[in-house]
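Spelled out, the chains give:
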Amino acid sequence: VPPTLTPPLALSRRYRGLTLVLTFLCYTSYHLSRKPISIVKSQLHPNCSALGPNPHNDSNSSTWCSWAPFDGDNYKELFGALDNAFLVAYAIGMFISGIFGERLPLRYYLSGGMVLSGLFTALFGLGYFWDIHVLWYFIVVQVCNGLVQTTGWPSVVACIGNWFGKGKRGLIMGIWNSHTSVGNILGSLIAGVWVSSAWGLSFIVPSIIITTMGIICFFFLVEYPEDVGCSPPLHHVRVTSSEKDPEAVTSNEGPLSVSSQSSVDCSNSPEEPTEEPEAISFLGALRIPGVVEFSLCLLFAKLVSYTFLYWLPLYIVNVGEFLGTVRRERAWQGEHLLTPPLSLAAHFGAKEAGDLSTLFDVGGILGGIFAGLISDYTGGRATTCCVMLVVAAPMLFLYNHIGQNGIGTSIAMLIVCGALVNGPYALITTAVSADL
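Treat the numbers as computed from the prediction; the structure is a model and nothing was measured. (Residues numbered from 1 in each chain as written. Predicted model: local features only at pLDDT ≥ 70, side-chain atom pairs only at ≥ 80, totals over all residues. Heavy atoms only, no water.)

(A) Region of interest: a nonpolar patch on the surface. A cluster of nonpolar side chains, contributed by Val-88, Ile-92, Phe-95, Ile-96, Ile-99, Phe-100 and Leu-104, occupies part of the molecular surface with about 650 Å² of accessible area. Tracing the backbone through its elements, the reader meets Ile-96 in helix α3 (residues 75–101). For Ile-96, a relative accessible area of 41% gives the class partly exposed. (Patch = residues over 30% accessible without salt bridge, like charges linked within 9 Å, V, L, I, M, F, W, Y side chains within 5 Å. Areas by Shrake-Rupley, 256 points an atom, 1.4 Å probe, with all protein chains shown as cover. Salt bridge = Lys/Arg side-chain N within 4 Å of Asp/Glu carboxyl O. Helix = DSSP H or I, 4+ residues; strand = E, 2+ residues; numbered from the N terminus. Buried < 20%, exposed > 50% of the residue type's maximum accessible area, 1.4 Å probe, protein only.)

So this is what it looks like as structure tokens:
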């Protein structure tokens, strides 16, 4: 009795599911390793006066517990330098990464980038255990980390594009793109465990996670459907000498219709050798309709998103300290501060501020799913992005004015702002990118 073979359609669904899960976990680990620095900032320059005098020399300095070189009055500029080092390197690296990503095996490129990202993330945390207080050490580590982190996005998007065809996939891409927010949330929670005791572990533990995921990716990621005997989606079929006519492209059950463009069938018969797709040039990519417009839209969405990513926990800590000081001064003067008792003035530590900041990413998950669902229903991806970003602008101003009025208000505003900012961000970087 011959062994029972897995039906081609069922096999293709398994591989597509595996690809979704693996790429989701891979990019989750990328963002998980980026998040710790925003949590650790408030620990590198805490309010030492709240801890009392220096136990070693009875100094009344308010920075005796800070980590040099971030113990001066210019600590915000130094934190900004760390962020700029990463982001500038990331922006420059994206141009290089896209070129290499189209010319190198995705599995090697992605897994290698993840292992290197783990290395440089760990090096930042090891600065705590090695007692390093030189700014340039942290700057160089951030630059190197920014460069290798660019290996993630082009690789996972290309892999998803190889397995999924065009069509109404905004919803599933919105769910898949929640890896960004999930990674930020997990990164905040993991970093918060050690931020007050040994902040170096806030980097080392995420570095172990992303390195482990890189190894798993190397052994289990399937780049192309053809690698496992499956036929690619219609718009990814590689051209051969016998496939000049688009109508000649057939699946196992007949010609591919418009409704089946996103299907991927697997067969047990050997396939003819096919040519590798030719890599597109940078200028050629700019000439694709919609690339420039959506790129500018994504520019401003990422501007806000990354500002919250790197500065929101520190903002929450500083606002809490400021309002707490105002409350004490007015109470000393016999005045009543007109803020609810459960306001941000209750002062959050580094861990609590990190936990609260995850609500922005919770909103991002909801916004990405909502944006994908709406764009699938209406067919207007550009309109969906436009409306959400236009509404996001006044919401950000509103958060600045009323976000400190109470815990409930802050929670609601963070979720709403996260949904409106990260919704278009998710839509552009997934469904729109793959469509283009």
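(B) The arrangement of the packing of aromatic side chains in detail. Counted by the stated rule, this structure contains 23 aromatic pairs. On the basis of an interplanar angle of 20° and a centroid distance of 6.0 Å, the ring pair of Tyr-15 and Trp-163 is categorised as stacked. Of this pair, Tyr-15 sits in helix α1 (residues 8–34) while Trp-163 sits in helix α6 (residues 152–163), placing them 148 residues apart in sequence. Judged by its relative accessible area of 0%, Trp-163 falls in the buried class. Among the aromatic residues, those joined into a cluster by ring pairs are Trp-67, Phe-70, Tyr-75, Phe-79, Phe-124, Tyr-128, Phe-129, Tyr-137, Phe-138, Trp-199 and Phe-203. In this arrangement the basic side chain of Lys-41 is found over the ring face of Trp-311, its NZ or CZ atom lying 3.7 Å from the centre. The ring of Phe-218 is capped by Arg-107, whose NZ or CZ atom sits 4.9 Å from the centre of that ring. (Phe/Tyr/Trp six-rings, centres within 6.5 Å; stacked < 30°, edge-to-face > 60°. Lys NZ or Arg CZ within 6 Å of the ring centre and 35° of its normal.)

(C) Quick peek at the packing of helix α2 (residues 36–44) against α3. The interhelical angle for the contact between α2 and α3, taken along N-to-C directions, is 160°, at an axis separation of 11 Å. With respect to α3, the element α2 is oriented roughly antiparallel. Note on packing geometry: the crossing formed by α2 with α3 is right-handed. Across the interface between the two elements, Ile-37, Lys-41 and Leu-44 from α2 touch Phe-79, Leu-82 and Asp-83 from α3. For the contact of α2 with α3, a count of residues per class yields four nonpolar, no polar and two charged. (Axes fitted to C-alpha atoms, helices over the stretch in contact; angles between N-to-C directions. Parallel < 35°, antiparallel > 145°, perpendicular 65-115°, else oblique. Left-handed = near helix turned anticlockwise from the far one by under 90°. Contact = heavy atoms within 4.5 Å. Nonpolar A, V, L, I, M, F, W, Y, C, P; charged D, E, K, R; others polar.)

(D) Looking closely at helix α8 (residues 179–194). With 16 residues, α8 should cover 22 Å at 1.5 Å per step; its first-to-last C-alpha distance of 23 Å lies within 8% of that length. For α8, every residue scored as buried is listed here: His-179, Thr-180, Ser-181, Gly-183, Asn-184, Ile-185, Gly-187, Ser-188, Ile-190, Ala-191 and Gly-192. (Expected span 1.5 Å × (residues − 1).)

(E) Expanded view of unusual backbone geometry. Cis geometry marks the peptide bond from Ala-68 to Pro-69, where omega comes out at 10°. Mapping Pro-69 onto the fold places it in the loop between α2 and α3. Positive phi, normally seen in glycine, also occurs at Asp-131, with a value near 55°. Examined against the element boundaries, Asp-131 turns out to sit in the loop between α4 (106–129) and α5 (135–149).

(F) Seen up close, the packing of α4 against α6. Interhelical geometry of α4 versus α6 gives an angle of 145° and a closest axis separation of 9 Å. Crossing of α4 against α6: the hand is left-handed. Side by side, α4 and α6 meet where Leu-106, Tyr-109 and Leu-110 of the first sit next to Gly-152, Ser-155, Val-156, Ala-158, Cys-159 and Asn-162 of the second. Its residues assigned to classes, the contact of α4 with α6 comprises six nonpolar, three polar and no charged.

(G) Looking closely at the side chain of Ser-66. As for its placement among the helices and strands, Ser-66 is situated in the loop between α2 and α3. On the basis of relative accessible area, Ser-66 is assigned to the buried category, the value being 12%.

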